[in-house]
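One-letter residues, chain by chain:
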Amino acid sequence: MEDYFTLVTGSSSGIGKAISVECAKRGMNLLLVALPGEKLEEQAAELKSKYKVKTYYYHIDLTEKDAPKKVYVWTRENGYKINMLINNAGMGAEGPFERQSASYYNTMMQLNMVALVLLTRFFITDLKKLPKAYILNLGSISSYFPMPYKIVYAATKRFVLSFTRALREELRNTPVKVSITCPGPVFTNSKLIKLLRSKNRFIQLFYNYPPFVARYSIKALLKGKTVIRTDLLSKVLYLTEKIFPQYFKQKIITRIYRKF
Ligand SMILES: NC(=O)c1ccc[n+]([C@@H]2O[C@H](COP(=O)([O-])OP(=O)(O)OC[C@H]3O[C@@H](n4cnc5c(N)ncnc54)[C@H](OP(=O)(O)O)[C@@H]3O)[C@@H](O)[C@H]2O)c1
(Lines give C-alpha, C1' and ligand atoms only; values in the text may rest on other atoms or scores of the structure.)
Protein backbone atom coordinates (compact mmCIF):
# COMPACT_ATOMS: atom_id res chain seq x y z
CA MET A 1 0.00 0.00 0.00
CA GLU A 2 1.16 3.51 -0.78
CA ASP A 3 2.27 5.81 2.03
CA TYR A 4 0.33 9.04 2.27
CA PHE A 5 1.24 12.14 4.27
CA THR A 6 -0.54 14.95 6.08
CA LEU A 7 1.18 18.28 5.54
CA VAL A 8 0.79 20.75 8.42
CA THR A 9 2.02 24.34 8.11
CA GLY A 10 3.08 26.11 11.29
CA SER A 11 3.55 22.78 13.02
CA SER A 12 6.40 23.80 15.34
CA SER A 13 4.17 25.30 18.02
CA GLY A 14 0.63 26.05 19.18
CA ILE A 15 -2.36 24.56 17.39
CA GLY A 16 -0.26 23.29 14.47
CA LYS A 17 1.99 21.32 16.80
CA ALA A 18 -1.05 19.84 18.56
CA ILE A 19 -2.59 18.93 15.20
CA SER A 20 0.58 17.10 14.19
CA VAL A 21 0.52 15.14 17.48
CA GLU A 22 -3.17 14.30 16.98
CA CYS A 23 -2.48 13.07 13.43
CA ALA A 24 0.53 11.03 14.56
CA LYS A 25 -1.61 9.40 17.27
CA ARG A 26 -3.97 8.35 14.50
CA GLY A 27 -1.06 6.72 12.64
CA MET A 28 -0.84 9.39 9.94
CA ASN A 29 2.55 10.16 8.39
CA LEU A 30 3.53 13.79 8.62
CA LEU A 31 5.24 16.57 6.72
CA LEU A 32 5.97 19.45 9.08
CA VAL A 33 6.47 22.94 7.67
CA ALA A 34 7.43 26.05 9.66
CA LEU A 35 10.00 28.81 10.06
CA PRO A 36 13.66 27.86 10.41
CA GLY A 37 14.64 26.81 13.94
CA GLU A 38 15.32 23.76 16.08
CA LYS A 39 11.71 23.19 17.17
CA LEU A 40 10.62 21.46 13.98
CA GLU A 41 13.48 18.98 13.97
CA GLU A 42 12.78 18.04 17.61
CA GLN A 43 9.06 17.74 16.90
CA ALA A 44 9.68 15.46 13.91
CA ALA A 45 12.06 13.22 15.89
CA GLU A 46 9.63 12.97 18.81
CA LEU A 47 6.64 12.05 16.64
CA LYS A 48 8.69 9.49 14.76
CA SER A 49 9.94 7.70 17.88
CA LYS A 50 6.74 7.97 19.94
CA TYR A 51 4.11 7.12 17.32
CA LYS A 52 6.18 5.20 14.76
CA VAL A 53 5.00 7.31 11.84
CA LYS A 54 7.07 8.69 8.98
CA THR A 55 7.85 12.33 9.64
CA TYR A 56 9.83 14.79 7.54
CA TYR A 57 10.20 18.53 7.93
CA TYR A 58 10.87 21.60 5.81
CA HIS A 59 11.99 25.00 7.06
CA ILE A 60 10.60 27.95 5.15
CA ASP A 61 9.16 31.40 5.64
CA LEU A 62 5.80 31.05 3.94
CA THR A 63 5.52 34.81 3.40
CA GLU A 64 8.47 34.77 1.01
CA LYS A 65 7.88 34.89 -2.72
CA ASP A 66 7.54 31.40 -4.21
CA ALA A 67 7.49 29.73 -0.78
CA PRO A 68 4.27 27.71 -1.46
CA LYS A 69 5.77 26.52 -4.75
CA LYS A 70 8.99 25.50 -2.96
CA VAL A 71 6.97 23.42 -0.49
CA TYR A 72 5.19 21.69 -3.36
CA VAL A 73 8.44 21.04 -5.23
CA TRP A 74 10.01 19.63 -2.02
CA THR A 75 7.18 17.08 -1.73
CA ARG A 76 7.36 16.15 -5.42
CA GLU A 77 11.14 15.78 -5.48
CA ASN A 78 11.05 13.50 -2.45
CA GLY A 79 8.05 11.50 -3.64
CA TYR A 80 5.88 12.43 -0.62
CA LYS A 81 2.24 11.89 -1.58
CA ILE A 82 -0.17 14.11 0.31
CA ASN A 83 -3.76 13.22 1.09
CA MET A 84 -4.35 15.90 3.72
CA LEU A 85 -3.27 19.54 3.64
CA ILE A 86 -3.61 21.54 6.84
CA ASN A 87 -3.18 25.27 6.32
CA ASN A 88 -2.56 26.24 9.93
CA ALA A 89 0.25 28.83 9.92
CA GLY A 90 -1.12 32.25 10.71
CA MET A 91 -0.44 35.38 12.70
CA GLY A 92 -2.50 38.12 14.30
CA ALA A 93 -2.38 41.38 16.21
CA GLU A 94 -4.67 43.29 18.54
CA GLY A 95 -5.04 47.01 19.02
CA PRO A 96 -6.02 50.07 17.01
CA PHE A 97 -5.41 49.80 13.28
CA GLU A 98 -2.62 52.40 13.30
CA ARG A 99 -0.58 50.52 15.90
CA GLN A 100 0.97 48.14 13.35
CA SER A 101 3.08 49.13 10.37
CA ALA A 102 2.12 48.63 6.74
CA SER A 103 4.82 45.99 6.38
CA TYR A 104 3.46 44.04 9.38
CA TYR A 105 0.00 43.95 7.78
CA ASN A 106 1.53 42.93 4.48
CA THR A 107 3.27 39.97 6.15
CA MET A 108 0.07 38.97 7.96
CA MET A 109 -1.97 39.01 4.76
CA GLN A 110 0.73 37.04 2.92
CA LEU A 111 0.75 34.33 5.57
CA ASN A 112 -2.96 34.14 6.45
CA MET A 113 -4.31 34.39 2.91
CA VAL A 114 -1.79 34.26 0.06
CA ALA A 115 0.25 31.28 1.31
CA LEU A 116 -2.95 29.37 2.15
CA VAL A 117 -4.49 29.92 -1.28
CA LEU A 118 -1.30 29.15 -3.19
CA LEU A 119 -0.51 25.98 -1.23
CA THR A 120 -4.05 24.83 -1.94
CA ARG A 121 -3.62 25.68 -5.61
CA PHE A 122 -0.37 23.73 -5.91
CA PHE A 123 -1.73 20.59 -4.22
CA ILE A 124 -5.33 20.52 -5.43
CA THR A 125 -4.77 18.76 -8.76
CA ASP A 126 -2.94 15.87 -7.07
CA LEU A 127 -5.50 15.67 -4.25
CA LYS A 128 -8.37 15.34 -6.73
CA LYS A 129 -6.78 12.23 -8.20
CA LEU A 130 -6.95 10.34 -4.88
CA PRO A 131 -9.90 8.25 -3.71
CA LYS A 132 -10.22 10.51 -0.62
CA ALA A 133 -8.47 13.71 0.38
CA TYR A 134 -8.87 16.56 2.85
CA ILE A 135 -7.98 20.22 3.24
CA LEU A 136 -8.32 21.90 6.63
CA ASN A 137 -7.96 25.67 6.88
CA LEU A 138 -7.52 27.52 10.15
CA GLY A 139 -10.19 30.12 10.67
CA SER A 140 -11.23 31.59 13.99
CA ILE A 141 -14.26 33.12 15.62
CA SER A 142 -12.87 36.22 13.90
CA SER A 143 -14.07 34.64 10.64
CA TYR A 144 -17.68 35.40 11.64
CA PHE A 145 -17.61 39.21 12.12
CA PRO A 146 -15.70 42.34 11.22
CA MET A 147 -13.68 43.02 14.39
CA PRO A 148 -12.60 46.51 15.39
CA TYR A 149 -9.22 46.38 17.19
CA LYS A 150 -8.43 43.17 15.33
CA ILE A 151 -9.36 44.52 11.93
CA VAL A 152 -6.86 42.99 9.54
CA TYR A 153 -6.63 39.62 11.29
CA ALA A 154 -10.44 39.25 11.28
CA ALA A 155 -10.61 40.27 7.63
CA THR A 156 -8.02 37.64 6.69
CA LYS A 157 -9.96 34.98 8.61
CA ARG A 158 -13.19 36.06 6.92
CA PHE A 159 -11.39 35.57 3.62
CA VAL A 160 -10.42 32.05 4.70
CA LEU A 161 -14.06 31.26 5.53
CA SER A 162 -15.31 32.55 2.19
CA PHE A 163 -12.54 30.74 0.29
CA THR A 164 -13.21 27.47 2.13
CA ARG A 165 -16.97 27.52 1.63
CA ALA A 166 -16.72 28.33 -2.07
CA LEU A 167 -14.01 25.76 -2.75
CA ARG A 168 -15.96 23.12 -0.83
CA GLU A 169 -18.93 23.78 -3.10
CA GLU A 170 -16.83 23.75 -6.25
CA LEU A 171 -15.30 20.40 -5.24
CA ARG A 172 -18.63 18.89 -4.16
CA ASN A 173 -18.44 16.03 -6.66
CA THR A 174 -14.77 15.28 -6.15
CA PRO A 175 -13.02 13.18 -3.47
CA VAL A 176 -11.67 16.33 -1.77
CA LYS A 177 -13.40 17.61 1.37
CA VAL A 178 -12.52 21.19 2.31
CA SER A 179 -13.17 22.38 5.87
CA ILE A 180 -12.45 25.32 8.11
CA THR A 181 -12.04 25.12 11.86
CA CYS A 182 -13.03 28.19 13.85
CA PRO A 183 -11.79 27.96 17.44
CA GLY A 184 -12.36 30.62 20.05
CA PRO A 185 -9.26 31.83 21.90
CA VAL A 186 -6.61 29.16 22.46
CA PHE A 187 -3.74 29.11 24.95
CA THR A 188 -0.82 28.80 22.55
CA ASN A 189 2.27 31.00 22.56
CA SER A 190 3.67 32.51 25.75
CA LYS A 191 2.77 36.09 24.77
CA LEU A 192 -0.86 35.07 24.38
CA ILE A 193 -0.90 33.06 27.62
CA LYS A 194 0.46 36.07 29.51
CA LEU A 195 -2.15 38.34 27.96
CA LEU A 196 -4.99 35.94 28.70
CA ARG A 197 -3.88 35.26 32.27
CA SER A 198 -4.08 39.00 32.90
CA LYS A 199 -7.82 38.93 32.08
CA ASN A 200 -10.51 38.06 34.58
CA ARG A 201 -11.45 34.48 35.42
CA PHE A 202 -14.78 34.64 33.58
CA ILE A 203 -13.04 35.45 30.31
CA GLN A 204 -10.54 32.64 30.93
CA LEU A 205 -13.44 30.16 30.96
CA PHE A 206 -13.73 30.63 27.22
CA TYR A 207 -10.14 29.67 26.45
CA ASN A 208 -9.19 26.34 24.96
CA TYR A 209 -6.07 24.23 24.93
CA PRO A 210 -4.40 23.23 21.65
CA PRO A 211 -4.79 19.43 22.07
CA PHE A 212 -8.54 19.80 22.51
CA VAL A 213 -8.84 22.04 19.43
CA ALA A 214 -6.68 19.63 17.42
CA ARG A 215 -8.62 16.51 18.45
CA TYR A 216 -12.01 18.11 17.81
CA SER A 217 -10.96 19.58 14.46
CA ILE A 218 -9.42 16.41 13.02
CA LYS A 219 -12.39 14.31 14.10
CA ALA A 220 -14.84 16.74 12.48
CA LEU A 221 -12.68 17.07 9.37
CA LEU A 222 -12.73 13.29 8.85
CA LYS A 223 -16.51 13.31 9.36
CA GLY A 224 -16.75 15.83 6.52
CA LYS A 225 -17.99 18.91 8.42
CA THR A 226 -17.58 22.17 6.51
CA VAL A 227 -17.40 24.79 9.30
CA ILE A 228 -15.99 23.26 12.48
CA ARG A 229 -17.03 25.07 15.66
CA THR A 230 -14.74 23.61 18.29
CA ASP A 231 -16.10 25.20 21.46
CA LEU A 232 -19.08 26.87 23.10
CA LEU A 233 -18.00 30.41 22.24
CA SER A 234 -17.55 29.47 18.60
CA LYS A 235 -20.97 27.78 18.47
CA VAL A 236 -22.72 30.73 20.16
CA LEU A 237 -21.05 33.37 17.99
CA TYR A 238 -21.75 31.40 14.83
CA LEU A 239 -25.44 31.36 15.77
CA THR A 240 -25.37 35.03 16.76
CA GLU A 241 -23.97 35.85 13.35
CA LYS A 242 -26.99 34.18 11.75
CA ILE A 243 -29.70 35.55 14.05
CA PHE A 244 -28.94 39.16 15.02
CA PRO A 245 -28.93 42.23 12.77
CA GLN A 246 -25.56 43.66 11.73
CA TYR A 247 -25.72 46.91 13.77
CA PHE A 248 -26.44 44.97 16.98
CA LYS A 249 -23.68 42.41 16.46
CA GLN A 250 -21.23 45.12 15.59
CA LYS A 251 -21.99 47.13 18.73
CA ILE A 252 -21.41 44.13 21.00
CA ILE A 253 -18.25 42.99 19.26
CA THR A 254 -16.78 46.50 19.30
CA ARG A 255 -17.44 46.82 23.05
CA ILE A 256 -15.83 43.46 23.81
CA TYR A 257 -12.72 44.10 21.74
CA ARG A 258 -12.23 47.69 22.86
CA LYS A 259 -12.07 46.39 26.44
CA PHE A 260 -9.85 43.49 25.48
N1 LIG B 1 -4.22 31.08 19.34
C2 LIG B 1 -5.48 31.39 19.18
O3 LIG B 1 -6.16 31.91 20.09
C4 LIG B 1 -6.17 31.07 17.87
C5 LIG B 1 -7.56 31.04 17.83
C6 LIG B 1 -8.20 30.76 16.64
C7 LIG B 1 -7.47 30.51 15.49
N8 LIG B 1 -6.10 30.56 15.54
C9 LIG B 1 -5.37 30.29 14.30
O10 LIG B 1 -4.66 29.07 14.44
C11 LIG B 1 -3.45 29.10 13.68
C12 LIG B 1 -2.27 28.78 14.60
O13 LIG B 1 -2.26 29.75 15.63
P14 LIG B 1 -1.36 29.56 16.94
O15 LIG B 1 -1.92 30.46 17.98
O16 LIG B 1 -1.17 28.13 17.20
O17 LIG B 1 0.00 30.24 16.42
P18 LIG B 1 1.48 30.16 17.05
O19 LIG B 1 1.48 29.47 18.36
O20 LIG B 1 2.02 31.55 16.95
O21 LIG B 1 2.21 29.22 15.98
C22 LIG B 1 2.28 29.65 14.66
C23 LIG B 1 3.00 28.60 13.84
O24 LIG B 1 3.17 29.11 12.50
C25 LIG B 1 4.56 29.20 12.22
N26 LIG B 1 4.81 30.39 11.42
C27 LIG B 1 4.65 31.68 11.79
N28 LIG B 1 5.01 32.50 10.79
C29 LIG B 1 5.38 31.70 9.77
C30 LIG B 1 5.88 31.95 8.46
N31 LIG B 1 6.04 33.17 8.01
N32 LIG B 1 6.19 30.89 7.68
C33 LIG B 1 6.06 29.62 8.15
N34 LIG B 1 5.59 29.32 9.36
C35 LIG B 1 5.26 30.35 10.16
C36 LIG B 1 5.26 29.28 13.56
O37 LIG B 1 6.61 28.88 13.45
P38 LIG B 1 7.65 29.26 14.66
O39 LIG B 1 7.23 28.41 15.83
O40 LIG B 1 8.97 28.89 14.12
O41 LIG B 1 7.48 30.73 14.93
C42 LIG B 1 4.41 28.31 14.36
O43 LIG B 1 4.74 26.99 14.03
C44 LIG B 1 -3.38 30.50 13.07
O45 LIG B 1 -3.87 30.45 11.75
C46 LIG B 1 -4.30 31.32 13.95
O47 LIG B 1 -4.83 32.42 13.28
C48 LIG B 1 -5.43 30.82 16.71
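Below, the structure is looked at part by part. What you see is a predicted model, and the numbers here were worked out from it, not measured in a lab.

### Focus: helix 8 (residues 210-223)
One turn of an α-helix holds 3.6 residues; hence residues three or four places apart share an orientation. When the terminal C-alpha atoms of helix 8 are compared, their 20 Å separation across 14 residues agrees well with the 20 Å that a helix rising 1.5 Å per residue should span. Residues Pro210, Val213, Ala214, Ser217, Ile218 and Leu221 constitute the buried set of helix 8. Take helix 8 and look down its axis: the buried residues cluster within an arc of 120°, on one side only. Of the surrounding elements, those touching the buried residues of helix 8 are helix 1 (14-25), strand 5 (133-138), strand 6 (176-181) and strand 7 (227-228). Remark: Gly224 follows helix 8 within two positions and exhibits a positive phi of approximately 90°.

### Focus on the nonpolar core
Across soluble globular proteins, nonpolar side chains show a tendency to be buried alongside one another. Core analysis: the biggest nonpolar cluster contains 59 residues, and Leu7, Ile19, Leu30, Leu32 and Leu85 have the highest contact counts within it. Excluding anything up to four places from it in sequence, Leu32 contacts Val8, Ser11, Ser20, Leu40, Gln43, Ala44, Thr55 and Tyr57.

### Concerning the site of the ligand
Taken together, the neighbourhood of the ligand is formed by 28 residues, with Gly10, Gly14, Leu35, Gly90 and Thr188 sitting nearest. It is helix 1 that contributes the most residues to the shell around the ligand, three residues altogether.

### Here we look at the sheet that holds strand 3 (residues 55-59)
Across the sheet, seven strands lie side by side as 3-2-1-4-5-6-7; this open sheet has parallel pairing. Either end of the sheet is taken by a strand with one partner, and the two such strands are strand 3 and strand 7. Where strand 1 (residues 4-9) and strand 2 (residues 29-34) come together, five bridges link them in parallel fashion. In the strand pairing of strand 2, Thr6 is matched with Leu30. Sitting on the sheet, helix 4 (residues 102-128) touches strand 4 (81-87), strand 5 and strand 6, and the angle it makes with strand 4 is about 155°. Along the sheet, helix 5 (residues 151-170) makes contact with strand 5 and strand 6, crossing strand 6 at roughly 160°.

### A look at helix 5
With 20 residues, helix 5 extends 29 Å between its outermost C-alpha atoms, agreeing within 8% with the 28 Å of an ideal straight helix rising 1.5 Å per residue. By the burial criterion, the buried members of helix 5 are Tyr153, Ala154, Thr156, Lys157, Val160 and Thr164. For helix 5, the angular spread of buried residues about the axis comes to 160°, placing them on one side. In helix 5, the exposed positions that point more than 90 degrees away from the buried face belong to Ser162, Ala166, Glu169 and Glu170. Considering only its buried residues, helix 5 is in contact with helix 4, strand 5 and strand 6.

Criteria and cut-off values
Residues numbered from 1 in each chain as written. Predicted model: local features only at pLDDT ≥ 70, side-chain atom pairs only at ≥ 80, totals over all residues. Helix = DSSP H or I, 4+ residues; strand = E, 2+ residues; numbered from the N terminus. Expected span 1.5 Å × (residues − 1). Buried ≥ 20, exposed ≤ 12 C-beta atoms within 10 Å, placed from the backbone. Arc of directions from axis to C-beta. Contact = placed C-beta atoms within 7 Å. Core = buried A, V, L, I, M, F, W, Y, C linked by C-beta atoms within 7 Å. Near = placed C-beta within 6 Å. Pairing = 2+ DSSP bridges. Axes fitted to C-alpha atoms, helices over the stretch in contact; angles between N-to-C directions.

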